[in-house]
Amino acid sequence: MSEERHMIPVWFFVGVLLFIYGILIFISGLLEWSHPPDTVLANLHAPVWWGGLMIAMGALFIHLFRPRKPSQ
Amino acid sequence: MTHLAFVPAAATGKIILLRPVDLAIIVIYFVAVLGIGFYLKKFAKRGEDFFIAGRGMTSWVAGLAFISANLGSLELLGWAGAAYQYGILATHWYWIGAIPAILFLGIVMMPFYYISRTHSVPGYLNLRFGRPTSGLSAVTFAVMTILMSGVNMYAMAIVMKVVLGWNIHFSIWVSSLTVGVYVALGGLYSAIFNEVLQFFLIWLGALLIPILGLMETGGWSGMVARIHHNFPGDNFTHLWSDLGHFSGNPMGIHWTGIVFGLGAVLSMGYWTTDFLVVQRVLSAKDLRSAKMAPVIGAFFKMAVPFIVILPGLLALSVLPFHLVPQTAMQPGQHSYNEVLPLMLARYCGPGLLGLGITALVAGFMSGMAGNVSAFATVWTYDIYRLFVRKDASDSHYVSMGRWSTMIGLIISIGAAYAVMGFASIMDYVQALFAIFIAPLFGTVVLGMLWKRMTGKGAFWGLLAGTTASASMFLAVKFHPAALGIIALSSHAKMMAEDMYQALWSWLICVGVTVVISLVTQPRPPAELKGLVYGETEIPGEGHLPLLKRPIFWSCVCLAVFLVLQWIFW
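Residues numbered from 1 in each chain as written. Chains lettered and ligands numbered in written order. Predicted model: local features only at pLDDT ≥ 70, side-chain atom pairs only at ≥ 80, totals over all residues.

(A) Structural detail: the overall build of chain A. Of regular secondary structure, chain A possesses 2 helices and 0 strands. A total of 72 residues make up chain A; the buried ones form 29% of that total. Sequence-distant contacts, at least 24 apart, represent 75% of the contacts inside chain A between residues at least 6 apart. (Helix = DSSP H or I, 4+ residues; strand = E, 2+ residues; numbered from the N terminus. Buried ≥ 20, exposed ≤ 12 C-beta atoms within 10 Å, placed from the backbone. Contact = placed C-beta atoms within 7 Å.)

(B) Main features of the overall build of chain B. When its secondary structure is counted, chain B shows 23 helices and 0 strands. On C-alpha atoms alone, chain B measures out to a radius of gyration of 23 Å, which is about the 25 Å that the 2.2 N^0.38 rule sets for 569 residues. Overall, chain B is about 75 × 55 × 55 Å in size when its C-alpha atoms are taken along their principal axes. Looking at the 569 residues of chain B, the share that counts as buried comes to 57%. A sequence separation of at least 24 residues applies to 83% of the contacts in chain B between residues at least 6 apart. (Rg over C-alpha atoms; globule rule 2.2 N^0.38 Å.)

(C) Focus on the nonpolar core. Ala83, Ile192 and Val196 of chain B are the most contacted members of the largest nonpolar core, which has 214 residues in total. Contact partners of Val196 of chain B, with chain neighbours within four places excluded, come to Val10 and Val14 of chain A together with Val61, Leu64, Ala65 and Ser68 of chain B. (Core = buried A, V, L, I, M, F, W, Y, C linked by C-beta atoms within 7 Å.)

(D) Representation of unusual backbone geometry. Within the chain, His45 of chain A stands out as a residue other than glycine whose phi angle is a positive 55 degrees. Within the secondary structure layout, His45 of chain A lies in the loop between α1 (10-31) and α2 (46-65). Given 16 C-beta atoms within a 10 Å radius, His45 of chain A is considered partly exposed. Phi angles above zero are rare outside glycine, and Arg117 of chain B is one such case at about 60 degrees.

(E) Expanded view of the interface of chain A and chain B. Between chain A and chain B, the residue contacts involve 27 residues of the former and 33 residues of the latter. Those elements giving two or more residues to the side of chain A that touches chain B turn out to be α1 and α2 of chain A. Partitioning the side of chain A that touches chain B into residue classes produces 20 nonpolar, 3 polar and 4 charged. (Nonpolar A, V, L, I, M, F, W, Y, C, P; charged D, E, K, R; others polar.)

(F) Looking closely at helix α9 (residues 168-206) of chain B. Residue and element names in this part refer to chain B. Taking 1.5 Å per residue as the helical rise, α9 with its 39 residues ought to reach 57 Å, whereas the 24 Å between its terminal C-alpha atoms falls clearly short. Approximately 125 degrees is the largest bend angle found in α9, and it occurs at Gly186. Extensive coverage of α9 is indicated by the burial of 31 of its 39 residues. (Expected span 1.5 Å × (residues − 1). Bend = angle between axes of the 7 residues up to and from the residue.)

(G) Seen up close, the environment of Gly349 of chain B. Tracing the backbone shows Gly349 of chain B in the loop between α16 (339-347) and α17 (352-388). In sequence terms Gly349 of chain B and Leu531 of chain B are 182 residues apart; their C-alpha atoms lie 54 Å from each other.

(H) Structural view of the packing of helix α7 (residues 121-129) of chain B against helix α8 (residues 131-164) of chain B. Residues and elements named next belong to chain B. At their nearest, the axes of α7 and α8 sit 7 Å apart, and the two run at 170 degrees to each other. The orientation of α7 with respect to α8, classified from their angle, is roughly antiparallel. As α7 runs across α8, the sense of the crossing is right-handed. Residues Val121, Pro122, Leu125, Asn126 and Phe129 of α7 lie in contact with α8, whose contacting residues are Arg131, Thr133, Ser134, Ser137, Ala138 and Phe141. Here the contact of α7 with α8 is composed, by residue class, of 6 nonpolar, 4 polar and 1 charged. (Axes fitted to C-alpha atoms, helices over the stretch in contact; angles between N-to-C directions. Parallel < 35°, antiparallel > 145°, perpendicular 65-115°, else oblique. Left-handed = near helix turned anticlockwise from the far one by under 90°.)

(I) Expanded view of the environment of Ser335 of chain B. All names here are of chain B. Mapped onto the elements of the fold, Ser335 is located in the loop between α15 (305-318) and α16. A residue is classified by how many C-beta atoms lie within 10 Å of it, and Ser335, with 18 of them, is partly exposed. Between the C-alpha atom of Ser335 and that of Gly187, which follows or precedes it by 148 residues, the distance is 37 Å. Once you skip the residues sitting within four places of it in the chain, Ser335 turns out to touch Leu323, Val324, Pro325, Gln326 and Met329.

(J) Seen up close, the environment of Arg68 of chain A. Relative to the assigned elements, Arg68 of chain A resides in the segment after α2. Distance from Arg68 of chain A to Ile8 of chain A, taken between C-alpha atoms, is 8.8 Å for residues 60 residues apart in sequence.

(K) Summary view of the confidence of the model for chain B. Residue and element names in this part refer to chain B. Averaged over chain B, the pLDDT score is 86; the fraction of residues at 70 or greater is 95%. Every residue in residues 1-12 is under pLDDT 50, and counting partners more than four places away or in other chains gives 28 contacts. Across the interface, the model reports ipTM at 0.92; the global pTM reads 0.87. (pLDDT = per-residue confidence, 0-100.)

See below:
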């Protein structure tokens, strides 16, 4: 089917979702930096580095699998 | 120490308190899956696209979907709870209970499934043996799958009620309608895309628990020391060394049950014939990808204990209270199945909690999507097309696929409400899989490897094996002492039942199949081309570079599996 060649790969959707989630979690981590939640090892500020990791993964997937114009 | 996100169940009736950022993460997930479903609708117009995703998936997509279809949230929660209850022994269901079977599917059975161009497991049985065997398999699978979808739906609603305080009806209707819409729109494409999404969410949502947990305990040895301190006299961290006797381990099992019952039969039956997982591999774009997809899945399956079993072990070492069986729970206590949400609340604040809960919701929903898409395929192609309307147009069958998706979902919702009224239904529905899967494996694998096998042998063998399996289940249900006969030891406990039931029913199926096949007429070899060993030209891998050969990576996977058995002996 000719349309299949233009189907956006699933990895792009994965990248977009990870990027958005990463931003939300990263910002949440920054906002609670000086008053972390009462969880174990909260002093490690896991949302900041985990959110950062997700932003990086998401950006990489978006870059690698972004929709491209079909070749003529 | 109190935890903001961890609320004692006795106080408010829920374990986790969600903040606005957590709710935003959950809502975004629902918007995303619906958006993907609407996007994929235009690609799912033909039957080949709607039911088999155009047979165009790469080995990575098919492989991740294959594993995600199995990695449901009920399993995650249940096995984390089992790890708390039984220790590292629960890992057997992820290692010997999966890896050899998955590799066997990829290397031995996929060539026959793929070359025959079948769309389903009952479809293969129809090509090989004809309609009676196919019909028996299709009807039982369709009924089991849609009931199982309902059971999962109910279980998810209960988990959301206990963990988050959500209304049960809200959980059931919102999640099921979302699943129904995106599967009815995009068919297997939607189901697979969302399974790949779920794969990433599960790992990113759950991985922080073992990472932070091991940091808290000071590594594996620190965790083991704490477990011994909290539970002196119990052994929770040896995989094989206590399986020499039924009474030598907390699960009450013997290594023969694990190796022959679980490893050789039960897991083989599930991983090689359950259409829910096999359908994902059938969607691969070529034979090499179809063989490679399960191998890729096997590597990730081997790693799953890190996010499922290890949290259960960590809970044994760090939780300041003991968990109890569901049936023995008193107000203020928590059951084994709550271990994963409890550990999530222990380490994860706002944002990360939302990610973890979204991962659980995604797991439930993709499980439902998998069941519903498999049901629609088997109903449309293996029951409706074969027995009701043979020569309709392709667009008619696609339309039937979309309608049967929604109708199947409504039946699932009905099953969920039935379970709500009669909880014991859940035990029977879950037992159905154990009853059918081992004999079905016997029928399919013999059919692929032995060309003398006849259609009559297949039908009566499958029926005999299934009847024997159901009889053993009912015998133990109504006379628990029967377990001692089935497992050949009075020290066997309930976990041993499934394994020995599977072993005996498989042997009975194979025995009856062989006897009847030898006294009935086989099909001419020319009619078996592409269906059975000896009559199928299977392309070799010799022309491929070593790193592109599925057999090479299978050997690597098997080697890693063996090393892990030795490390955790």
